[in-house]
Structure formats: C-alpha cells, structure tokens
Amino acid sequence: MLVGLTIIIATIIALGVVMIMTSEGDSLPLVNGMIFATFGATALFWIAKGTVQYLRGDGSGLLWLYRPLATLPEWVGYIGMATTAGLLVISIALLVDDYIHLPRRQKGGRH
C-alpha cells in the first residue's frame, strides 16, 4: 500500500515538473506546476517522516528513499507547506487577473 502511495506521489511530482517545462512563458501553468511539484515533495517528506520507523523491521524496498528524507529537519516540511500555500495564492491571483482581462483578449468582446 505504501508503494502505491509513493508511486502516486512520484506521479504528482513528475506532473508538476512536466507542467513547469511545458509552460512556455505562460505564468498560470508555470505556477500550477510549481504547486504540484512542491506539494508532492512535501507530501513525500511527511509520509517518510511518519513511516520510516515502521519500515526498519520489515526490510522494505522503500528505505533507500524514505530514510534520507526522514533525517531532514521538520522545518523543511513546514517550509514546503508554506510555499505551497503561497503559490496557491499566487495562482488564484493569476487566475482572477486572466478572468478580468479576458474580454479584452477576445475579438468582438467588451473593451
């Protein structure tokens, strides 16, 4: 079950990296990709922090990933959560800005 969760989180991080790389100068997809990548990395950190003590006895194959993450200080997780929240606020601001200026961008729209 933990392996499946790790695969889902790795997919979220990969999705964020792909969104960042393919944003082509558009700020909204860039920020959303940063949100996905930061959220995934933070989630992986907190799961590693909470489960590494239970993985020591069963010889799990995830120790190579979770042990180094679990040794990081707790403030790394808090910084990750704060960064994700800040990026979410920026994303909402960019979305509202795009919505407000949408009629000017459409041909035949209100000016």
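Throughout what follows, the structure given in this document is the object of discussion. (Residues numbered from 1 in each chain as written. Predicted model: local features only at pLDDT ≥ 70, side-chain atom pairs only at ≥ 80, totals over all residues. Heavy atoms only, no water.)

Topic: the overall build of the chain
Looking only at helices and strands, the chain has five helices and zero strands in total. Ordered by position in the sequence, the α and β elements of the chain form the string α-α-α-α-α. Burial analysis of the chain (111 residues in total) assigns 29% to the buried set. A total of about 7,500 Å² of accessible surface is found on the chain, and carbon and sulfur atoms cover 71% of it. (Helix = DSSP H or I, 4+ residues; strand = E, 2+ residues; numbered from the N terminus. Buried < 20%, exposed > 50% of the residue type's maximum accessible area, 1.4 Å probe, protein only. Areas by Shrake-Rupley, 256 points an atom, 1.4 Å probe, with all protein chains shown as cover.)

What to know about the packing of aromatic side chains
In total, this model carries two aromatic pairs according to the counting rule given. Through successive ring pairs, a cluster of aromatic residues spans Phe45, Trp46 and Tyr78. (Phe/Tyr/Trp six-rings, centres within 6.5 Å; stacked < 30°, edge-to-face > 60°.)

Details of the packing of helix α1 (residues 2-21) against helix α2 (residues 27-55)
One way to put it is that α1 packs onto α2 with a least axis distance of 7 Å and a crossing angle of 155°. The orientation of α1 relative to α2 falls into the category roughly antiparallel. Between α1 and α2 lies a crossing of left-handed hand. Looking at the contact of α1 with α2 residue by residue, the classes come out as 18 nonpolar, six polar and no charged. (Axes fitted to C-alpha atoms, helices over the stretch in contact; angles between N-to-C directions. Parallel < 35°, antiparallel > 145°, perpendicular 65-115°, else oblique. Left-handed = near helix turned anticlockwise from the far one by under 90°. Nonpolar A, V, L, I, M, F, W, Y, C, P; charged D, E, K, R; others polar.)

Observations regarding the side chain of Ser23
You can see Ser23 is positioned in the loop between α1 and α2. For Ser23, a relative accessible area of 10% translates into the label buried. A distance of 3.1 Å separates the side chain of Ser23 from the backbone oxygen of Ile20, its partner in a polar contact. Those residues in contact with Ser23, other than ones at most four positions away along the chain, are Pro29 and Leu30. (Polar contact = N/O pair within 3.5 Å; in protein donor to acceptor, adjacent residues only side chain to side chain. Contact = heavy atoms within 4.5 Å.)

Some points on helix α3 (residues 63-70)
For α3, every residue scored as buried is listed here: Leu63, Tyr66, Leu69 and Ala70. What you see down the axis of α3 is that its buried residues fit within an arc of 145°, all on one side. The secondary structure elements touched by the buried residues of α3 are α1 and α2. (Arc of directions from axis to C-beta.)

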